[in-house]
Amino acid sequence: METGVGTLSAHLRTIVEQQLEHVDPIVQRAMLAMRAAIPEYELIDDAAIQLDVQQSVAHNVRMWFNALLSGHPPTAEELAPLISFGRRRVHQGVTLQSLLQAFRTGSRVLWDVLLEQAGSNEDIHRELLFKVSPYILFHFDLMGRTIGQAHAEEQQKQARWRDRLQHELCGVIFSHPDDSDSFREHTLALGIDAKASHLALALKLAEQPNERITPEAGLDKLMASISRVLGLERNNILRTLRNGHVLLWVPLSASESASESEHRYATLCEALSSSSAAIISVGLGLP
């Protein structure tokens, strides 16, 4: 199947060339549409991240119009910045779902721009319908797959990095409790408020004859349901294996008293026990 759009008519080519010369208004229009449709983008208030997102949109707009003019899909060289953008979104806290929604929103804006520029010209309408519209599906599917893969790979890389830091931090806690410098360095890197009160939970797990529970395997699967029951992000829960038990340290709300936190987590412990057959019992520590 031919993946390029082919040669455009002279009239449509002129329209595309004119849009390529004035991409800034289109970029701003796409940015407004993304903020209106995607909560994560609306909440971005860091100026550097906003600029990075805007540069990403500008690159994608130019790549779209250049693909129409060349008649061929983007080259590997043109896709390279897209991969970098996808990796940075992980560290900027943008989820893959929001990232892909941004591409869908942007594609609608670009399609609307072409329709508006076509005006009432029926020949351009037919060309957009029969020649350009099939390609737009391929183009933005390619964009989504490229940036989605980059985002997922960086997310996995970040998870492995966090696992390593968590393992090292727990080693400091149990084996080098006087090494306050390492403790501060690791909690800072993990985004843990070391001065905040935490509560310890100890989970006794059922034996798994065919699966050894490790931080990299079974425990990762279990953490999804644990974080859901506790109402916390997984990154906010420090966990490790100790003497065959899973130990968790969960942050306490500054607005709660110690007794209120204990009462709330005592109730959550009951919910944890019933949330997974792998959990036999839960022990509750002191703040």
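Keep in mind it's a predicted model, so treat the numbers as computed, not measured. (Residues numbered from 1 in each chain as written. Predicted model: local features only at pLDDT ≥ 70, side-chain atom pairs only at ≥ 80, totals over all residues. Heavy atoms only, no water.)

Asks: Would you explain the overall build of the protein chain in this entry?
Replies: Looking only at helices and strands, one finds 10 helices and 4 strands in the protein chain. Going from the N terminus to the C terminus, the protein chain shows its helices and strands as α-α-α-α-α-α-α-α-β-α-β-β-α-β. Expected size for 287 residues packed as a compact globule is a radius of gyration near 19 Å; at 26 Å, the protein chain overshoots this value by more than 25%. With respect to the three principal axes, the spread of C-alpha positions in the protein chain is 75 × 40 × 35 Å. When the 287 residues of the protein chain are sorted by exposure, 39% land in the buried category. For the protein chain, restricting intrachain contacts to residue pairs at least 6 apart in sequence, the fraction spanning at least 24 positions comes to 72%. When the accessible area of the protein chain is evaluated, it comes to approximately 16,000 Å², of which 53% is carbon and sulfur surface. If the 26 positive side-chain charges of the protein chain are averaged to one point and the 35 negative ones to another, these points end up 3 Å apart. (Helix = DSSP H or I, 4+ residues; strand = E, 2+ residues; numbered from the N terminus. Rg over C-alpha atoms; globule rule 2.2 N^0.38 Å. Buried < 20%, exposed > 50% of the residue type's maximum accessible area, 1.4 Å probe, protein only. Contact = heavy atoms within 4.5 Å. Areas by Shrake-Rupley, 256 points an atom, 1.4 Å probe, with all protein chains shown as cover. Lys, Arg positive; Asp, Glu negative; His and termini not counted. Charge placed at Lys NZ, Arg CZ, Asp CG, Glu CD.)

Asks: I tried to follow helix 8 (residues 180–190) on my own but got confused; where do I start?
Replies: An α-helix turns once every 3.6 residues. As a result, residues three or four positions apart point the same way. Along helix 8, the residues classified as buried are Ser 182, His 186, Thr 187 and Leu 190. Buried residues in helix 8, looked at end-on, bunch into an arc of 125 degrees, giving them a common side. Facing away from the buried side of helix 8 by over 90 degrees, the exposed positions are Glu 185 and Leu 188. Buried residues belonging to helix 8 abut helix 7 (122–175). Of the residues flanking the end of helix 8, it is Gly 191, one or two places downstream, whose phi is positive at about 75 degrees. (Arc of directions from axis to C-beta.)

Asks: Help me understand the nonpolar core in this model?
Replies: Note that soluble globular proteins tend to have their nonpolar side chains buried in a common cluster. In this structure, Tyr 41, Trp 64, Phe 65, Leu 68, Leu 114 and Val 132 are the most contacted members of the largest nonpolar core, which totals 46 residues. Residue assignment for this core shows that the elements contributing at least two residues are helix 1 (10–21), helix 2 (24–37), helix 4 (47–70), helix 5 (76–91), helix 6 (96–118) and helix 7. If you tally residues by element for this core, the top one is helix 4, at 11 residues. Contacts of Phe 65, omitting those with residues within four sequence positions, involve Val 16, Gln 19, Leu 20, Ile 26, Leu 110 and Leu 114. Core analysis: the second largest hydrophobic core is formed by 20 residues, Leu 219, Leu 222, Met 223 and Cys 269 among them. (Core = buried A, V, L, I, M, F, W, Y, C linked by side-chain atoms within 4.5 Å.)

Asks: Even after reading the chapter, I still don't get the environment of Ala 47, so can you show me in this structure?
Replies: Looking at the element boundaries, Ala 47 is found in helix 4. Ala 47 sits 36 residues away from His 11 along the chain, and the two C-alpha atoms are 39 Å apart.

Asks: Would you mind showing me how to read the side chain of Gln 19 here?
Replies: Checked against the element boundaries, Gln 19 lands in helix 1. Excluding anything up to four places from it in sequence, Gln 19 contacts Ile 26, Phe 65, Val 113 and Gln 117.

Asks: So what exactly am I meant to see when it comes to empty space enclosed by the protein here?
Replies: Think of a ball as big as a water molecule: rolled over the atoms, this probe shows where empty space is left. Evaluated as defined, the whole model comprises 3 cavities of 30 Å³ or more. Here the largest cavity is characterised by a volume of approximately 190 Å³. Every residue lining the largest cavity is counted, 17 residues in all, and those nearest its centre are Met 34, Val 57, Asn 60, Ala 102 and Phe 103. Elements that contribute at least two residues to the lining of the largest cavity include exactly helix 2, helix 4, helix 6 and helix 7. With 6 residues, the single largest contributor to the lining of the largest cavity is helix 6. Of the residues that constitute the lining of the largest cavity, the class distribution is 13 nonpolar, 3 polar and 1 charged. (1 Å grid on protein atoms, 1.4 Å probe; cavity = no way out; pocket = protein on both sides within 12 Å on 5 of 7 lines; lining within 4 Å. Points joined across faces, edges and corners; volume = space filled by probe spheres on them. Nonpolar A, V, L, I, M, F, W, Y, C, P; charged D, E, K, R; others polar.)

Asks: Explanation requested: the layout of surface pockets in the structure shown.
Replies: The volume enclosed by the largest pocket comes to roughly 700 Å³. Looking at the lining of the largest pocket, the elements that each hand over two or more residues are helix 7 and helix 9 (218–230). Per-element tally for the lining of the largest pocket: the top contributor is helix 7, with 8 residues.

Asks: So what exactly am I meant to see when it comes to the sheet that holds strand 4 (residues 279–284) here?
Replies: Sheets are built from strands that pair by backbone hydrogen bonding, the pairs being arranged parallel or antiparallel. Taken in spatial order, the 4 strands of this open sheet run 2-3-1-4, and their pairing is antiparallel. One side of each edge strand has no neighbouring strand; the edge strands of this open sheet are strand 2 (238–242) and strand 4. For this sheet the average axis-to-axis angle between neighbouring strands, irrespective of direction, equals 25 degrees. Where strand 2 and strand 3 (residues 245–251) come together, 5 bridges link them in antiparallel fashion. Residue pairing across strands places Leu 238 opposite Trp 249, the latter belonging to strand 3. This element, helix 10 (residues 258–275), spans strand 1 (198–205), strand 3 and strand 4 of the sheet and lies at about 170 degrees to strand 4. (Pairing = 2+ DSSP bridges. Axes fitted to C-alpha atoms, helices over the stretch in contact; angles between N-to-C directions.)

Asks: I keep staring at helix 1 and nothing clicks. Help me out?
Replies: An ideal rise of 1.5 Å per residue puts 16 Å on 12 residues; helix 1 measures up with 17 Å between its terminal C-alpha atoms. For helix 1, every residue scored as buried is listed here: Leu 12, Ile 15, Val 16 and Gln 19. Projected down its long axis, helix 1 shows its buried positions confined to an angular sector of 95 degrees, all on one face. Among the exposed residues of helix 1, those oriented more than 90 degrees off its buried face are Ala 10 and Glu 21. Residues of helix 1 that are buried make contact with helix 2, helix 4, helix 6 and helix 7. (Expected span 1.5 Å × (residues − 1).)

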